[in-house]
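# Structural characterization, general
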Amino acid sequence: MINGIIIVLGIIMIASAFMAIYMRSLLSSIIAAGVISLLASIIYLLLAAPDVAMTEAAIGSGLATVVFLYAFNKVKGRGEDNHG
Amino acid sequence: MTLVSIIGFVLIIVGLWGMLTQNNIIKIIIGFSIIDTGIHLLIVSIGYIKGKTAPIIDSALLKTDAMNQVVDPIPSALVLTAIVIGLAVTALMLVYAVNLYQRKQSLDINDFEELKW
Amino acid sequence: MVKRFLILLVLVFFVIMLLPLVSDIQPQTELNPLAKKYVKDGPDELGSANLVTSVIVTYRGLDTLGEVAVLFIATAGVGFMLRRRKDSNKNPQKKRESSEILQTGTALLTPLIFLFGIYIFLHGHLTPGGGFQGGVVIASAILLSMLSFPQSEINHKILNAIESLSGVLYLVIGILGIYLAAGFLDNRILPLGDFGRLFSAGAIPVIYSLIGLKVGSELVGILDSMQRSDS
């Protein structure tokens, strides 16, 4: 049962990693990277490491995404498809 | 090989592929962040013992019995520090990217060729 | 075309080099001897119920000092590269006010999230959590108020004072450990107390509170440097 959950989460994580690299729109890549951190935090909880799960959930899908979005805000424009 | 270590290893390879093939600087930094997540998954999966519980002692897990019922606490301690450092280094890299954009108005890494032979 | 082929070759080389490392990970059945010593002696020697906390703060306290140093250097680097230049003092654009629901909700939620962050790092030796998690939650609370009230400014003097004082006090407690107890950053300089209460485990709550404040103020400093829109 737990192995099944880990397999499903793992497949979604690897699919998100491919999407984060190959999508044209930079905004979608940043959000896909946030999804990877969120699912990794669930896997840490299943591996009996609650401290690491708390830290990864707060940093990976919270602060890291915000820092990427601030940087994206300063470089938007020239030569980059910023629709959506 | 346990299941989570395979997932971590595949994430490292995907992140490395992303860093080597993309031209946009911010996508290279996203690839670096994916490599970081993969490495942390790999390290935490080393300390897992099947059927045991989290290393915190309270009324449900007594002090005298703890040795036979907890997972390894040392990889958790290593990864805790590594996650915070990964965020700080990613923020520093993004600030470098913003500064490069302000000098040449381009985010393509093939335009910055001053250090090539 | 040649470039793609070379990249593929490098990747295959990496996989071949890293594969023996990953394939040697066997599922374990019992703890290795070092973990046995930390789990057996930790609660009696140090008095902390959270074993991961006792490893981070006392047994491997020197690594935590290194991490604090790396975080400080990264924040200083971000602050330096985004500094306000003297000649680019354009008048700031008028930002749009956020809606009434957002302002009221933020004013209600920010003190609660702050209190939750302080709870997390004060109880680091009893429940899952600790200094790093509490610091990040405090930074999230301040980020929420920064996003809902765009004109608000962070007081830089207070931020610098908190960050510097926490760092210096952390080192002073470490050096006190050399004189009054067994070594650098030992937590037996304060009495160990009863197991499982809030004021127990020696100096671990004090050390973790200082780390939590330092990490929180540094992350707020990074976010504030990146938000300024005139550089």
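Predicted model only: the values in this text are computed from it and were never measured.

### Digging into the overall build of chain B
- From N to C terminus, chain B includes three helices and zero strands.
- Ordering the α and β elements of chain B from the N terminus gives α-α-α.
- Each of the three principal axes of chain B carries a C-alpha extent, and together these read 65 × 25 × 20 Å.
- Within chain B, buried positions represent 49% of all 117 residues.

### Details of helix H2 (residues 26-46) of chain A
- With 21 residues, H2(A) extends 31 Å between its outermost C-alpha atoms, agreeing within 8% with the 30 Å of an ideal straight helix rising 1.5 Å per residue.
- Every buried residue of H2(A) is accounted for by Ser29(A), Ile30(A), Ala32(A), Ala33(A), Ile36(A), Ser37(A), Ala40(A), Ser41(A), Ile43(A) and Tyr44(A).
- Buried residues along H2(A) sit against helix H1 (2-22) and helix H3 (50-74) of chain A together with helix H1 (3-21) and helix H2 (25-46) of chain B.
- A positive phi of about 60° marks Ala48(A), the residue just after H2(A).

### Concerning the nonpolar core
- Counting 105 residues, the largest nonpolar core has Leu63(A), Val67(A), Ala71(A), Ala91(B), Leu94(B), Val136(C) and Ala139(C) as its most contacted members.
- Sort the elements by how many residues they give to this core and helix H3 (residues 74-104) of chain B lands first, with 13 residues.

### Some thoughts on helix H8 (residues 204-227) of chain C
- With 24 residues, H8(C) extends 35 Å from end C-alpha to end C-alpha; this agrees with the ideal 34 Å at 1.5 Å per step.
- Within H8(C), 20 of the 24 residues are buried, which leaves it mostly tucked inside the rest of the structure.

### A short note on the packing of H2(B) against H3(B)
Residues and elements named next belong to chain B.
- Across the interface, H2 lies against H3 with an axial gap of 10 Å and an inter-helix angle of 175°. As summarised for this structure, H2 and H3 are arranged roughly antiparallel, according to the angle between their axes. On the side of H2, the interface is formed by Ile25, Ile26, Ile29, Phe32, Ser33, Asp36, His40, Ile43, Val44 and Ile46, while H3 contributes Pro75, Ser76, Leu78, Val79, Ala82, Ile83, Gly86, Thr90, Met93, Leu94, Ala97 and Leu100.
- Looking at side-chain class alone, the contact of H2 with H3 contains 16 nonpolar, five polar and one charged residues.

### Description of the interface of chain B and chain C
- With 35 residues of chain B at the contact, the number on the chain C side is 39 residues.
- Secondary-structure elements contributing two or more residues to the side of chain B that touches chain C are H1 and H3 of chain B.
- No other element matches the 13 residues that H3(B) contributes to the side of chain B that touches chain C.
- A per-class count over the side of chain B that touches chain C returns 25 nonpolar, six polar and four charged.

### Comments concerning the environment of Gln151(C)
Residues and elements named next belong to chain C.
- By the secondary structure assignment, Gln151 is in the loop between helix H6 (131-148) and helix H7 (156-180).
- Classification of Gln151 by C-beta neighbours within 10 Å gives exposed; the count is 8.
- As for Gln151 and Glu97, which are separated by 54 residues in sequence, their C-alpha atoms are 8.6 Å apart.

### Some thoughts on the interface of chain B and chain A
- Across the contact, 39 residues belong to chain B and 39 residues belong to chain A.
- Counting only elements with at least two residues in the side of chain B that touches chain A, the list comes to H1, H2 and H3 of chain B.

### Details of the confidence of the model for chain C
- For chain C, the mean per-residue pLDDT works out to 85, and 94% of the residues sit at or above 70.
- Confidence estimates for the predicted assembly give a pTM of 0.89 and an ipTM of 0.87.

### A word on the packing of H1(B) against helix H1 (residues 2-23) of chain C
- It is the contact of H1(B) with H1(C), at a shortest axis distance of 11 Å, that shows an interaxial angle of 155°. With respect to each other, H1(B) and H1(C) are oriented roughly antiparallel. The two elements H1(B) and H1(C) meet at a crossing, and its hand is right-handed. Residues Ser5(B), Phe9(B), Ile13(B), Leu16(B), Trp17(B), Leu20(B) and Thr21(B) of H1(B) pack against Ile7(C), Val10(C), Leu11(C), Phe14(C), Val15(C) and Val22(C) of H1(C).

Here is what the cut-offs are and how they apply
Residues numbered from 1 in each chain as written. Chains lettered and ligands numbered in written order. Predicted model: local features only at pLDDT ≥ 70, side-chain atom pairs only at ≥ 80, totals over all residues. Helix = DSSP H or I, 4+ residues; strand = E, 2+ residues; numbered from the N terminus. Buried ≥ 20, exposed ≤ 12 C-beta atoms within 10 Å, placed from the backbone. Expected span 1.5 Å × (residues − 1). Contact = placed C-beta atoms within 7 Å. Core = buried A, V, L, I, M, F, W, Y, C linked by C-beta atoms within 7 Å. Axes fitted to C-alpha atoms, helices over the stretch in contact; angles between N-to-C directions. Parallel < 35°, antiparallel > 145°, perpendicular 65-115°, else oblique. Nonpolar A, V, L, I, M, F, W, Y, C, P; charged D, E, K, R; others polar. pLDDT = per-residue confidence, 0-100. Left-handed = near helix turned anticlockwise from the far one by under 90°.

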